[in-house]
Number of protein chains: 2
Amino acid sequence: MAQKPSIPKGTRDFSPIEMARRNYIFDTIKGAFRLFGFKQIETPAMENLSTLMGKYGEEGDKLLFKILNSGDFLKSCSDEELTGRNLPKLTNKLCEKGLRYDLTVPFARFVVQHRAELQLPFKRFQIQPVWRADRPQKGRYREFYQCDADMVGSDSLNNEIELLSLIDLVFKRLGINVTIKLNNRKILAGIAEVIGEADRIVDITVAIDKIDKIGIENVNAELREKGLSEKSIETLRPLLTLSGSNEEKVEQLKAMLGSSETGMKGVEELETVLNGFDDLGHLCKAEVDVSLARGLNYYTGIIIEVKANDVEIGSISGGGRYDNLTGVFGMAGLSGVGVSFGADRIYDVMNTLNLYPDSVAQSVKVIFTNFGDKEALQSMKYIKTLREAGIPAELYPDQAKMKKQMSYADAEKIPFVAIVGESELAENTIMLKNMSEGTQEKVTIEEMVKILG
Amino acid sequence: MAQKPSIPKGTRDFSPIEMARRNYIFDTIKGAFRLFGFKQIETPAMENLSTLMGKYGEEGDKLLFKILNSGDFLKSCSDEELTGRNLPKLTNKLCEKGLRYDLTVPFARFVVQHRAELQLPFKRFQIQPVWRADRPQKGRYREFYQCDADMVGSDSLNNEIELLSLIDLVFKRLGINVTIKLNNRKILAGIAEVIGEADRIVDITVAIDKIDKIGIENVNAELREKGLSEKSIETLRPLLTLSGSNEEKVEQLKAMLGSSETGMKGVEELETVLNGFDDLGHLCKAEVDVSLARGLNYYTGIIIEVKANDVEIGSISGGGRYDNLTGVFGMAGLSGVGVSFGADRIYDVMNTLNLYPDSVAQSVKVIFTNFGDKEALQSMKYIKTLREAGIPAELYPDQAKMKKQMSYADAEKIPFVAIVGESELAENTIMLKNMSEGTQEKVTIEEMVKILG
């Protein structure tokens, strides 16, 4: 009985045109990574569950896809354990492996496992799919690609300046106008300190992260609920309503955070990075935004988020500095800074703004029609010459009706059609039709290489 | 407690140099696919188990990696079912999804699912990892890449000729000397027919496939065991000991298979393909080999296998024509022909023969040393100019000892080191060291772009 085929929810097939567009994005990002000296690595899709569990919080553990052990997967479960139905415990007995959830934990594992062979500072990039058992919804998939670049083993702020330059280059090449928003975890710590609520940094930053969406009064209401005093909330207010240029914001922060050593360090770092970036002269704008609080679990210094200026969408890239990437695997003291490009959101932005060059939709440059065996064989010889010159070319394989062959060329957006019929065969010529201009001319194969090359 | 990190057995991490080499292979194959007009698709890593099960035989079903359902994975199992320990039945209840086992079944599923949007003939390529719970051993992994190109919706033998040309181009570009071995399923059917054992085709071909390894006498012994008569075995002997040129082998086959219509059709197809391939003029040799019996479950016409001439290793590429790719998903009558490149074996051959160009090992073309903040900032400006000219360049991020910086450049095989110290900063010059020649000269950034560009 034939099945009606489908794919698991939250996953996608990519058609040739979608792949061409995605490749354009990935190739642009990869090209930029390489220009900056990042070196590619790949890690396996499956990691030991012991590597993955506990790294993404309790919720994350649930969202990991787990692989059923091969062979007798029940062998280490007693009947009592099975009917006891303790799911987390049974999961551990049924499954040893899981699919990677992000590229950061596998990278940390990689660095620790291969530290003897690695040259520090180590600049790596990695572009691979990750899997999360999230509820699928618009723009959220269970399989999606991450594109990460990280530098580990150096705490120089030059790395931060480099990363901002990288972001600038990627989006300049893709044609997306962006704003880079910058903050520093140390500034957030300093804010919590100067309002007298140092131990409430998470509550505070979670609340102020929402300021763009819900406004300052609602943020303050939330802080009141969390038990912050009116005094703290009032001290916080000017920090949340910084305005003016980056220089002005930095001056205001210095004035307000003077009593916090950590806070002042954060401001100083931010200033160094901003000045360096400005000095180099870039296309995109970098903007201080102290409400930015992404990745608070792991970022310890600069925090980066990139927004598209011309499309309403979440951040399309983000990153920051972390001081303890590999600690959980027993290698302490390795500082790093990294950025991740959100390929799926970038794809949505590119589609919305139609930013692809025309050539992306093309497969071959020319197709030879097929009038029979002799003509086809001669055409294949011409095609061989074209390919040797680097020109993608193909033969319509079947001796079908001309109309069918032409409509194939049309549907595939092939810009030239080459016809070798009886007379062309006798003359060693080719009738070359330019599909967009509607013109045609008789040429030799040498002329054809020049025209299409 | 820190864990000692490792990866699941049969899986691999790829280091920067390994990735550079693998990318060289993949890029070469991709470039050839595109020159021939194949269009890339991707399918999800996870497929529904209903798509995968039953497609690879009973053994294959066991080798599928299955994904434990999210949430309460026991919800559809009664206590009795659990303690009954019927593994295949429980697998179905615990798991709805599995990891893809090859690219062929997902491609068939793709064609059927998207047939309304597809233009036939459809030429697709796909390069993605697949997963098999095989026992890991040397050269056999649980995660490995397949590189497949197929043309479906055309039964012209021109497609076969194109595929052989594709194989020729790929290995020419990689620098691997290969021999293409050719057979036709119809010839195998014809052989079984003329020796009077038409219904024993599988036994016969499984046995004769081993002739290279165990010799004809052992093959005959195996056939005797399978119950073939002495007369059949004697009639078979000359078919297994064909010698001479392809033309001579074809003539011998014609003489011996004359009574089998199917067999003669197979010989005729083989002859057409060989003549077409010869006419086009290729580098590699195509060779008739009637003992070739790969993919007997699905191939219905030509069978292709590629052997490296200079390394002892199994086939590094293979393929053939199949007439019922999509039948199992309810779409009958779609013929196709395809080829698969074995990336891991090709990688082993390339490593053994050291066939990579030198540039593969390089990350950036030049690294700027770091003497302090001012010098670093000026260096970053130069680096920006270099990158804009397409030259990969980086800054050593930290103000470390010169020796450490130079040994980094050395270990990373960076061909040029640029030094901007106090005097260069004052003069707007750069001291450029050529690491392989051991020379250095003072240049401006414009000169540097010319030298490295």
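Predicted, not measured: the structure shown is a model, and the values here were computed from it.

### Topic: the overall build of chain A
In step 1: Tallying secondary structure elements over chain A gives 18 helices and 16 strands in all.
In step 2: Over its C-alpha trace chain A gives a radius of gyration of 29 Å, far above what one expects of a compact globule, namely 22 Å for 453 residues.
In step 3: Judged by the C-alpha coordinates and their principal axes, chain A covers about 95 × 65 × 45 Å.
In step 4: By the burial criterion, 57% of the 453 residues in chain A qualify as buried.
In step 5: Summarising the internal contacts of chain A: among those between residues at least 6 apart in sequence, 67% fall at separations of at least 24.
In step 6: On chain A, roughly 18900 Å² of surface is accessible, and the fraction owed to carbon and sulfur atoms is 47%.
In step 7: Between the mean site of the 58 positive side-chain charges and the mean site of the 66 negative ones, chain A shows a separation of 5 Å.

### Digging into the packing of aromatic side chains
In step 1: Summed over all chains, the structure comprises 24 aromatic pairs over all chains.
In step 2: For the pair A:Phe33 and A:Phe125, a centre-to-centre distance of 5.0 Å together with 45° between the ring planes defines the contact as tilted. With A:Phe33 in helix α1 (residues 16-35) and A:Phe125 in strand β5 (residues 122-131), this pair connects stretches of sequence that are 92 residues apart. Each member of the pair, A:Phe33 as well as A:Phe125, is classed as buried.
In step 3: Measuring from ring centre to ring centre gives 5.7 Å for B:Phe171 and B:Phe341, while their planes differ by 50°; the resulting arrangement is tilted. A residue pair is termed long-range when its members are at least 10 positions apart, and B:Phe171 in helix α7 (residues 158-174) and B:Phe341 in strand β11 (residues 336-341) qualify at 170 residues. B:Phe341 matches B:Phe171 in its accessibility class, with the two residues each being buried.
In step 4: Among the aromatic side chains, those forming a connected cluster through ring pairs are A:Phe33, A:Phe38, A:Phe125, A:Phe171 and A:Phe341.

### Here's the deal with the interface of chain B and chain A
In step 1: Counting from both sides, the interface comprises 109 residues of chain B and, opposite them, 109 residues of chain A.
In step 2: Across the interface of chain B and chain A, roughly 9200 Å² is buried in total on both sides, 58% from carbon and sulfur atoms.
In step 3: Across the chain B-chain A interface, the total number found is ten salt bridges.
In step 4: With a shortest N-O distance of 2.6 Å, B:Asp13 and A:Arg109 are connected by a salt bridge.
In step 5: The tally of links between chain B and chain A comes to 42 residue pairs in polar contact (both at pLDDT 80 or more).
In step 6: No other element matches helix α15 (residues 373-388) of chain B, which puts seven residues into the side of chain B that touches chain A.
In step 7: Here the side of chain B that touches chain A is built from residues that sort into 49 nonpolar, 32 polar and 28 charged.

### Observations regarding the sheet that holds strand β13 (residues 393-395) of chain B
All names here are of chain B.
In step 1: Read from one edge to the other, the open sheet built from five strands follows the order β13-β12-β14-β15-β16, with strand pairing classed as mixed. Only two strands of the sheet have a single partner each, and these edge strands are β13 and β16 (439-443). Averaged over all adjacent pairs, the angle separating strand axes in this sheet is 25°, with direction ignored.
In step 2: Where helix α16 (residues 402-411) meets the sheet, its contacts fall on β12 (366-368), β13, β14 (416-419) and β15 (430-434), and the angle it forms with β14 comes to roughly 150°.

### Overview of the confidence of the model for chain A
In step 1: Averaged over every residue, the pLDDT of chain A is 94; residues scoring 70 or more account for 99%.
In step 2: Listed scores for the predicted complex are pTM 0.94 and ipTM 0.94.

### Remarks on the relation of the copies chain B and chain A
In step 1: Of the two same-sequence chains, chain B is brought onto chain A (RMSD 0.1 Å, axial shift 0.0 Å) by a rotation of 180°. Each copy turns onto its partner about a two-fold axis. No C-alpha of chain B approaches the rotation axis more nearly than that of B:Ile67, which lies at 2.3 Å.
In step 2: Most of the interface of chain B is mirrored in chain A, where 100% of its interface residues again form contacts.

### Description of the packing of helix α8 (residues 185-194) of chain B against helix α9 (residues 201-208) of chain B
Residue and element names in this part refer to chain B.
In step 1: Two elements in contact, α8 and α9, have axes whose closest approach is 9 Å; the angle formed by their N-to-C orientations is 110°. What the angle tells us is that α8 and α9 run roughly perpendicular. The chirality of how α8 crosses α9 is right-handed. Contact with α8, carried on its side by Arg185, Leu188, Ala189 and Ala192, involves Ile201, Ile204, Thr205 and Ile208 of α9 and no other residues of that element.
In step 2: Residues that form the contact of α8 with α9 fall into these classes: six nonpolar, one polar and one charged.

### Considerations on a negative patch on the surface
Residue and element names in this part refer to chain A.
In step 1: Together, Glu247, Glu248, Asp278 and Asp279 make up a region of like negative charge exposed at the surface.
In step 2: Among the elements of the structure, α12 (246-257) and α13 (261-280) are those that each provide at least two residues to the negative patch.
In step 3: Along the chain, the position of Asp279 falls in helix α13.
In step 4: On the accessibility criterion, Asp279 (41% relative accessible area) is partly exposed.

### Let's talk about the pairing of strand β8 (residues 285-288) of chain A
Look at any regular strand and the pattern is simple: side chains alternate between the two faces of the sheet.
All names here are of chain A.
In step 1: The two faces of β8 differ: Ala286 and Val288 on one face are buried, but Lys285 and Glu287 on the other face are not.
In step 2: Bridge count for strand β7 (residues 178-184) against β8 is four bridges, and the pairing is parallel. Residue Ile180 lies in a different strand from β8, and its bridge partner there is Ala286.

### Looking at the sheet that holds strand β10 (residues 317-322) of chain B
Residues and elements named next belong to chain B.
In step 1: Spatial ordering of the open sheet is given by β1-β5-β6-β11-β10-β9-β7-β8, a layout of eight strands whose pairing is mixed. Each edge of the open sheet carries a strand with a single partner, namely β1 (39-40) and β8 (285-288).
In step 2: Note that strand β6 (residues 143-152) and β11 share six bridges and pair antiparallel. The residue of β11 that forms the bridge with Cys147 is Phe341.
In step 3: Those strands touched by helix α1 (residues 16-35) are β1, β5 (122-131), β6 and β11, and its axis lies near 10° from that of β6.

### Things to note about the pattern of salt bridges
In step 1: Enumeration over the complete set of coordinates arrives at 52 salt bridges over all chains.
In step 2: The shortest N-O distance in the salt bridge between B:Glu162 and A:Arg387 comes to 2.7 Å. One end of the pair, B:Glu162, is in helix α7; the other, A:Arg387, is in helix α15 (residues 373-388), on a second chain. An identical accessibility class is assigned to B:Glu162 and A:Arg387; each is buried.
In step 3: Among the ionic pairs, B:Glu160 bridges to B:Arg321, the shortest N-O distance being 2.6 Å. Here the residue B:Glu160 occupies a position in helix α7, and B:Arg321 occupies one in strand β10, the gap between them amounting to 161 residues. Assigned by exposure class, B:Glu160 and B:Arg321 land together as buried.
In step 4: Each member of the salt-bridge network shares a partner with another, and the members are A:Arg12, A:Arg22 and A:Asp344.

### What about α12(A)?
Every α-helix carries 3.6 residues per turn, so stepping three or four residues along brings you back to the same face.
Residue and element names in this part refer to chain A.
In step 1: Under the 1.5 Å per step criterion, the end-to-end length of α12 is 16 Å for twelve residues, consistent within 8% with the ideal 16 Å.
In step 2: Those residues of α12 that fall on the buried side of the exposure criterion are Asn246, Lys249, Val250, Leu253 and Leu257. Summarising the axial view, the buried residues of α12 lie within an arc of 100°, below the 170-degree limit, and thus occupy one face.
In step 3: Against the buried residues of α12 lie α8 (185-194), α11 (230-240), α13 and β8.

### Description of the environment of A:Ser340
Residue and element names in this part refer to chain A.
In step 1: Along the chain, Ser340 falls in strand β11 (residues 336-341).
In step 2: In this structure Ser340 comes out as partly exposed when scored by relative accessible area, which is 22%.
In step 3: Sequence spacing of Ser340 and Ile316 is 24 residues, and the spatial spacing of their C-alpha atoms is 8.7 Å.
In step 4: Beyond its immediate chain neighbours, meaning those up to four positions away, Ser340 contacts Cys147, Asp148, Ser317 and Gly318.
In step 5: Of the polar contacts made by the side chain of Ser340, one reaches the side chain of Asp148; its length is 2.6 Å.

### Points about the side chain of A:Gln128
Residue and element names in this part refer to chain A.
In step 1: As for its position among the elements, Gln128 is in strand β5.
In step 2: Only 3.0 Å separates the side chain of Gln128 from the side chain of Gln126, close enough to count as a polar contact.
In step 3: Apart from the residues within four sequence positions on either side, Gln128 is in contact with Glu42, Thr43, Arg100, Leu103, Phe144, Tyr145 and Gln146.

Definitions and limits used
Residues numbered from 1 in each chain as written. Chains lettered and ligands numbered in written order. Predicted model: local features only at pLDDT ≥ 70, side-chain atom pairs only at ≥ 80, totals over all residues. Heavy atoms only, no water. Helix = DSSP H or I, 4+ residues; strand = E, 2+ residues; numbered from the N terminus. Rg over C-alpha atoms; globule rule 2.2 N^0.38 Å. Buried < 20%, exposed > 50% of the residue type's maximum accessible area, 1.4 Å probe, protein only. Contact = heavy atoms within 4.5 Å. Areas by Shrake-Rupley, 256 points an atom, 1.4 Å probe, with all protein chains shown as cover. Lys, Arg positive; Asp, Glu negative; His and termini not counted. Charge placed at Lys NZ, Arg CZ, Asp CG, Glu CD. Phe/Tyr/Trp six-rings, centres within 6.5 Å; stacked < 30°, edge-to-face > 60°. Buried area = accessible area lost by both parts, 1.4 Å probe. Salt bridge = Lys/Arg side-chain N within 4 Å of Asp/Glu carboxyl O. Polar contact = N/O pair within 3.5 Å; in protein donor to acceptor, adjacent residues only side chain to side chain. Nonpolar A, V, L, I, M, F, W, Y, C, P; charged D, E, K, R; others polar. Pairing = 2+ DSSP bridges. Axes fitted to C-alpha atoms, helices over the stretch in contact; angles between N-to-C directions. pLDDT = per-residue confidence, 0-100. Least-squares fit on C-alpha atoms with pLDDT ≥ 70 in both. Parallel < 35°, antiparallel > 145°, perpendicular 65-115°, else oblique. Left-handed = near helix turned anticlockwise from the far one by under 90°. Patch = residues over 30% accessible without salt bridge, like charges linked within 9 Å, V, L, I, M, F, W, Y side chains within 5 Å. Expected span 1.5 Å × (residues − 1). Arc of directions from axis to C-beta.

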